[in-house]
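# Observations on the model geometry
This is what each chain is made of:
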Amino acid sequence: METVLEKLAILADAAKYDASCASSGAEKRNSMASKAIGSTEGMGICHAYAPDGRCISLLKILLTNYCQFDCHYCVNRVSSNVRRARFSVKEVVDLTLGFYQRNYIEGLFLSSGIIRSPDYTMEQLVRVAESLRREHKFAGYIHLKTIPDADPLLLARAGAVADRLSINVELPREESLARLAPQKNPERIRRAMGGIRLKIEEAKEARKESRHAPRFSTGQSTQMIIGADSTDDLAILGSAANLYGNYKLSRVYYSAFSPIPDASAVLPLMRPPLMREHRLYQADWLMRFYGFAVEEIATGAVGGMLDLGVDPKLAWALQHRECFPVDVNRAAREVLLRVPGFGTKSVKQMLSSRRWRSLRLEDVSRLCRGIKTAMPFIVTADWQPGAAIDRLDLREKVAPQGELFA
Ligand code: SF4
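Residues numbered from 1 in each chain as written. Predicted model: local features only at pLDDT ≥ 70, side-chain atom pairs only at ≥ 80, totals over all residues. Heavy atoms only, no water.

## Some points on the side chain of Asn 76
Along the polypeptide, Asn 76 turns up in the loop between β2 (55-62) and α3 (89-101). Here Asn 76 is in contact with Ala 14, Leu 62, Asn 65, Cys 67 and Arg 84, once residues within four sequence places are set aside. (Helix = DSSP H or I, 4+ residues; strand = E, 2+ residues; numbered from the N terminus. Contact = heavy atoms within 4.5 Å.)

See the structure below:
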């Protein structure tokens, strides 16, 4: 019988493959040997962004890594030969409170393999969150993974106590799900997402009427695994656009498939380049905050795959040179947002500053970090790019060197 610490080691490790709370890894450092201060070896602690944009530390664990399903890409599948463990509801509650009181964490991300039945498992997850909120008055952040096959009443109970819910669609195409996760049902996943969307919207409306209306999770998110099947980037983005549009998801997380211990023979042996995951996040950002449609992003892609050499906005601009240069003193917000090197914040500041004076190149360079990339695409009070936009070697001139994940 494992101790709580041994279970924590197993169940925190098993949770690390789930990206749907946007955890970030850290290099392992222990102060014991070096006599330095601090350690990053705390098991199960990861970082995520709260709905208001703050970076928070979470205890990220599974209730159990036993699972009766056999999803090929998952280390916890029933046929996987890994060490298993299971927390009781009380153990998770005590661990969360203990870590919280020591200021190690600001919240909990709790998921689970499916044991006995979807309802039984979901109820265990809900009981953890209800106990924390109601018995212990826990005010920290709670993200619960929900099980699509569970009774909608259980999902409603989960939403009443969690800040964020997530249901993983896992794979971008139904054929891939049928091949790699045959026990998962895309129809039931969509139905559960639709039900949660409805509850979130109802709760928002009710809160407008009265501050005392019952609360419900402020959003739902999902994860798609990239590179476990042959789906190309544009199909992945199309699927994400559909999820954002139909289910109003707060986030779609893209997780580059990584070969797992005791991997199934139907999976690829190699993980896709991390840059692919990074480009998908950039394209996702373009869809959500920059007004790009998937079809527009597609014009900068080759064979359905995003260009790994340059970011998708620059790839689009290079393909649409007829749209440039744009005058930063006159162009509308949505036009400025398409300039490579300009972010939403810098565009907002430019729009505000130009009400009082004409912006010069130096002003723009103070407001945006990517001025070198932007220069051939803009006109300012004292700058004209001339024929730079038509140069054959423009891509080489403006492509950032030594980009992260290259
Ligand atoms: S249901 Fe979830 S935990 Fe179980 S095998 Fe599939 S992905 Fe893994």
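## Here we look at the site of the ligand
Close to the ligand lie Cys 67, Phe 69, Cys 71, Cys 74, Arg 77, Gly 113, Ile 114, Glu 170 and Lys 184, which account for all nearby residues. The residue inventory of the shell around the ligand, partitioned by class, reads five nonpolar, one polar and three charged. (Near = heavy atom within 4 Å. Nonpolar A, V, L, I, M, F, W, Y, C, P; charged D, E, K, R; others polar.)

## Observations concerning the pattern of salt bridges
Pairs can form between side chains of opposite charge whenever their charged atoms are close. For the structure shown, the criterion picks out 27 salt bridges. Where Lys 90 meets Asp 94, a salt bridge forms, and the shortest distance between an N and an O atom there is 2.7 Å. Note that Lys 90 and Asp 94 are positioned in helix α3 at a spacing of four residues, about one turn of the helix. Residues Arg 157 and Glu 123 are paired through a salt bridge, measuring 3.4 Å at the closest nitrogen-oxygen approach. (Salt bridge = Lys/Arg side-chain N within 4 Å of Asp/Glu carboxyl O.)

## Side note on the environment of Arg 102
Structurally, Arg 102 is set in the loop between α3 and β3 (107-111). The exposed category is assigned to Arg 102, whose relative accessible area is 53%. From its side chain, Arg 102 meets the backbone oxygen of Gly 98 in a polar contact 3.1 Å long. (Buried < 20%, exposed > 50% of the residue type's maximum accessible area, 1.4 Å probe, protein only. Polar contact = N/O pair within 3.5 Å; in protein donor to acceptor, adjacent residues only side chain to side chain.)

## Concerning unusual backbone geometry
Cis peptide bonds are those with omega within 30 degrees of zero, and the linkage from Phe 324 to Pro 325 qualifies with 0 degrees. Among the secondary structure elements, Pro 325 is positioned in the loop between α11 (312-319) and β8 (326-327). A positive phi angle, near 70 degrees, is found at Asn 103, a position not held by glycine. Inspection of the secondary structure assignment puts Asn 103 in the loop between α3 and β3. Positioned with a positive phi, Glu 170 is a non-glycine residue whose angle comes to about 70 degrees. Note on placement: Glu 170 falls in the loop between β5 (164-166) and α6 (174-180).

## What to know about the packing of α3 against helix α4 (residues 118-135)
Running from amino to carboxyl end, α3 crosses α4 at an angle of 40 degrees, the nearest separation of the two axes being 9 Å. Classed by the angle they form, the pair α3 and α4 counts as oblique. Seen from above, α3 lies across α4 with right-handed handedness. Between α3, through Val 89, Val 92, Val 93, Thr 96 and Leu 97, and α4, the contact on the second element is made entirely by Gln 124, Arg 127, Val 128, Ser 131 and Leu 132. Grouping the constituent residues of the contact of α3 with α4 by class yields six nonpolar, three polar and one charged. (Axes fitted to C-alpha atoms, helices over the stretch in contact; angles between N-to-C directions. Parallel < 35°, antiparallel > 145°, perpendicular 65-115°, else oblique. Left-handed = near helix turned anticlockwise from the far one by under 90°.)

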